[in-house]
Structures are given as C-alpha cells and as structure tokens.
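Below, each chain spelled out in residue letters.
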Amino acid sequence: MSTDSSGERGSDHRSALRRLTGTDFGTFADQHWGIAPKLTRSAELSGSFDDLMTLDSVDELIAERGVRTPFVRMAKDGRLLDRTQFTASGGFGAEVTDQVDSGAVLAAFAAGNTLVLQGLHRLWPPLIHFVGDLVRELGHPVQVNSYVTPAASQGFSPHYDVHDVFVVQIAGTKRWSIHSPVHVHPLNNQPWSDRRSAVEAHALGTPELDIVLEPGDVLYLPRGWIHSAQALGDTTVHLTIGVASYNDYDLAHHVLKSLGDVESLRAPLPAGLDHSDPESIVPHVHRVVDAMRAALDEIGRDPDAVRRLAERVADRHDDLVRPEPVRPLASVAAMGALRGEDSIRLRPGVFARVVRAADAVSVIVRAKTVTMPLQCADALDLLTRGAPCRLDALPGLDTDDALVVARRLIREGIAVPAVP
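All values reported here derive from a predicted model rather than from experimental measurement. Numbering of residues begins from 1 in every chain and follows the order in which that chain's sequence is written. Given that the model is predicted, a residue must reach a pLDDT of at least 70 before its local features are reported, and side-chain atom pairs must reach 80 or more before they are shown or counted; all residues, however, enter totals for whole chains, interfaces and linings. With hydrogens and water set aside, each side-chain value is computed from the structure's full complement of heavy atoms.

It is worth spelling out the sheet that holds strand β16 (residues 389–390) at this point. Pairing is antiparallel in the open sheet, where three strands are placed in the order β16-β12-β17. Each of the sheet's edge strands pairs with one partner strand only, and the pair in question is β16 and β17 (415–417). Paired strands are those between which DSSP finds at least two bridges. Secondary structure counts use DSSP, requiring at least four H or I residues in a row for a helix and at least two E residues in a row for a strand, with both numbered from the N terminus. Note that strand β12 (residues 343–346) and β17 share three bridges and pair antiparallel. Paired with Ile344 across the strands is Pro417, a residue of β17. Against the sheet, helix α13 (residues 399–411) makes contact with β12 and β17, and its axis sits at roughly 110 degrees relative to β17, the strand it touches most. It only takes one pair of heavy atoms within 4.5 Å for two residues to be counted as in contact. Axis definition: a line fit to C-alpha positions, over the contact stretch in the case of helices; interaxial angles, taken between N-to-C directions, run 0 to 180 degrees.

Take a side-chain nitrogen of Lys or Arg and a carboxyl oxygen of Asp or Glu: if they are within 4 Å of each other, that pair is a salt bridge. Tallied over the full model, the rule gives 16 salt bridges. Salt-bridge contacts for Arg83 lead to Asp98; the nearest nitrogen and oxygen are separated by 4.0 Å. Taken together, the residues Arg83 in the loop between β3 (79–80) and β4 (87–88) and Asp98 in the loop between β4 and β5 (99–100) connect sequence positions 15 residues apart. Type-normalised accessible area, obtained with a 1.4 Å probe on protein chains alone, sets the label of each residue: buried when under 20%, exposed when over 50%, and partly exposed for intermediate values. By relative accessible area, Arg83 is classed as partly exposed at 44%. Overall, Asp98 belongs to the buried group, its relative accessible area being 8%. As a salt-bridge pair, Arg353 and Asp315 come within 3.4 Å of each other at their nearest N and O atoms.

Here the focus is the pairing of strand β7 (residues 142–149). Where a strand is regular, its side chains alternate between the two sheet faces. Summarising burial for β7: seven of the eight residues are buried, a large majority. Bridge count for strand β6 (residues 114–117) against β7 is three bridges, and the pairing is antiparallel. Residue pairing in the sheet places Leu117 in a bridge with Ser146 of β7. In this structure, β7 lies alongside strand β11 (residues 226–243), joined through eight bridges in antiparallel fashion. Counted as the bridge partner of Thr149 is Thr236 from β11.

In this analysis, rings of Phe, Tyr and Trp, with Trp reduced to its six-membered ring, are considered paired at centre separations within 6.5 Å, and the interplanar angle assigns stacked below 30 degrees, edge-to-face beyond 60, and tilted for intermediate values. Counted according to the given criterion, the structure contains five aromatic pairs. An angle of 75 degrees between the planes, with centres 5.0 Å apart, marks the rings of Phe28 and Tyr220 as edge-to-face. Of this pair, Phe28 sits in helix α2 (residues 25–31) while Tyr220 sits in strand β10 (residues 218–221), and the two are 192 residues apart along the sequence. Owing to a relative accessible area of 1%, Phe28 belongs among the buried residues under this scheme. For Tyr220, a relative accessible area of 1% corresponds to the buried category.

Time to look at helix α10 (residues 303–320). To estimate how far a helix should reach, multiply one less than its number of residues by 1.5 Å. Here α10 is 18 residues long and its end C-alpha atoms lie 26 Å apart, about the 26 Å a rise of 1.5 Å per residue gives. Those residues of α10 lying buried are Ala305, Leu309, His317 and Asp318. In the core, the buried residues of α10 are packed alongside α5 (125–138), α7 (248–258), α9 (278–300) and β14 (360–365). Here α10 starts with a cap whose side-chain oxygen sits 3.0 Å from the backbone nitrogen of Asp304, and that cap is Asp302. N or O atoms within 3.5 Å of each other form a polar contact, as long as, within protein, one can give a hydrogen and the other can take it, and as long as residues adjacent in sequence are counted only when both atoms are side-chain atoms.

Given below as structure tokens:
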C-alpha cells in the first residue's frame, strides 16, 4: 500500500516509509508493524533527514515563527514547566498572551529543560509534506513532535505511548532504554499513568534494547513499548513521528454504536430493578447479550449495513487527517489559466466517494457534498482513482464542460492542477 509522488499505489519511489526503515512496505508490515521494535542505522538509509529538521530549524521556529502554545511545551525530569515560564505577549500588533518568548526559552533550556515542539506536521512545510506521504502509505493518522534536549539531560521518565512512534535522531546522541510492554496494544484511554507502578517496576529490569541513537538513525516502537532517553554530550534533537494506528476495537466500537438503531435494545429495564442484588440483574445481562448477538448476526448478513459501517470508519479517518494544503491565491490563478491540454488530479489526502442518482451525481468528501449533472459521473469516477486526468480526454464531457467541472472541483478543494 505504498504511494509514489503521483499518488499511485504499488511503488516505493519517494516512499516516506522506506526513508524511515530502509526496507520495503511488505517486510516492515509483516515483521515489525505493531509487533516489535526496529532499529535502522543511518548507514542503512539512502540519505539524511536534514531536509526535515535541523538545529537551525529549531532556532528559526522559536525565534522567528511566532509559535504559540499548545504547539510548544517544556519539561524537566518528567515534570512540565508552566507555560508562563517560556511564553509572553507578542507585543504591539500581536497581543496574544501565549506566544513563545525566545529569551525565556533560552533561559529555561540552559537550566536543563527539554523543549518540545508539537504538531509540526501542521507548522513546518517539509514535515507537512513528509507526513502526508506517510499517511497515504500507512493508512493511519500521523503527527510529529520534536524533542530538543540539553546536554546530559532527561526530559521524561520511563513511559509508554498509546500510538506507534518512529524516533528520528536529527542532532547529537541520545541513549534509549527500551522495555517490553506491561500492557500490550494500549488504547487511547489506557495511558501509561494508569499503570505507573507496573511501568516503573518493569523499567528497573534488563531492557530489551539499550542503544545510542546518532544523527540519521531511526527507531520504530509499537505502542505500549516502555522507553526513556537521555541526552549524551551536546544538545540533541529528535523527531517523534507518532502513528495513531486503528485497531479491531475501533471497528467494534462503530459496530456497537450501530446497535443503537435496534429498537428492542433501547427499551428500558424493568421498573423496580434491585441494584443491591447483582444476581437479579444477571438474567437481563444474558438476555441483552443474546439480543446483541442476534442483531450483530443480522448486520453481518446485510451487505448494505456492513458497507455503511465501513463508511463510518472512513469518515472517522477523514475527520482526523487533513489533506495536503492548497495555496488559495495560486489555485485561483490556475483555475483561470486552465486549458484543455492541462490535467487535474484528486487533491492528495482527500477521500472522495462518487454517488449516482437518477438525474445527478454527487462527490462526497469531508463535511461537503458537491452535486453535478449526471453526465459528469464517468469523469468523476476516473478522477477519484487518483491518477492525473487530462481535461480534453475526460469521458462524457467536451472540453468546455471539462473546464467548468475542473474549475469547480479546484474551487471546492477536491482537485488540484497536476504538475507536469
């Protein structure tokens, strides 16, 4: 399920995943995804990550980009620093109260606090595009934080994350201690702090991995694996690329929500229910379980119901993942300059469904439905496959109509001009 620069599946050209792992999609998926850590040394990879982040990039973000909370935080020895210690008003013309104060960050960093830049997949252009590629390959939401740690300091105590992570060492060296999970595949509502004692006790044992990451190295950790890190020598910078992997529980959640449509399951339990006697409730539990089983069997036999559930899962992904950004001014200019020999393509990261009715066709995307004449249906079907479409070759449309459709789709943020 890899994606190349044209958005087509099945090629490792410009694969973000290969850049991180040095291996093909199938090998990573079969041997490591959600299963076991993977350490990839810089020598095994095709290039550095200097295009994504550097020490100078961190300084630029702090000094010149007007970053605000919650996109920045600071911590020392596992404790977060109050934001008033490193933020201030932006001054005349920018009277926000939580803009990062570069001088205060300097003082806090020099005192041993780790600097955390959060949500860089929404702030920093190189990571915006890299994350977009990785989302399209993995099929799961992705976000990026950067951890900037003073020499010989530890920002956070041993813990586990409720998402998978790729740790990309950018500058300096950092020692990582990795322990197996105390709770395998934790859900979003099962943070490590709920199992603090078990995590702390397990972290005292012999680690599964005790490694030093150097610039260009990448470490993959499935969710639930306990880890802590300590900077060695000079200032260190690493990226944590977090992947919020969907799981069977997510699917089950949507299935169970659909039981709300079953009238019998919405009926009240008997009046006079004795909650002081759990045994009196047991028969009702058995009855409801049987009713749920019957309802679920009925859903499983109904292809339309299953399809609706699948669409709900897809809609949830669409809510969490933003499509590739568009440039409004350039897009308006491109709309006016379109000619028949030009091509458009589906905007990367947009999930579009084409629904035909008796006299019209609709393109359904996140929070939007665009309706067009039925004669556009074949052209829209072709566009949603992802490959560039030349306007004077769109099926069912002459060139003038194709130009009208293309301009509408670009204006609605569904399509973008295809770069030759």
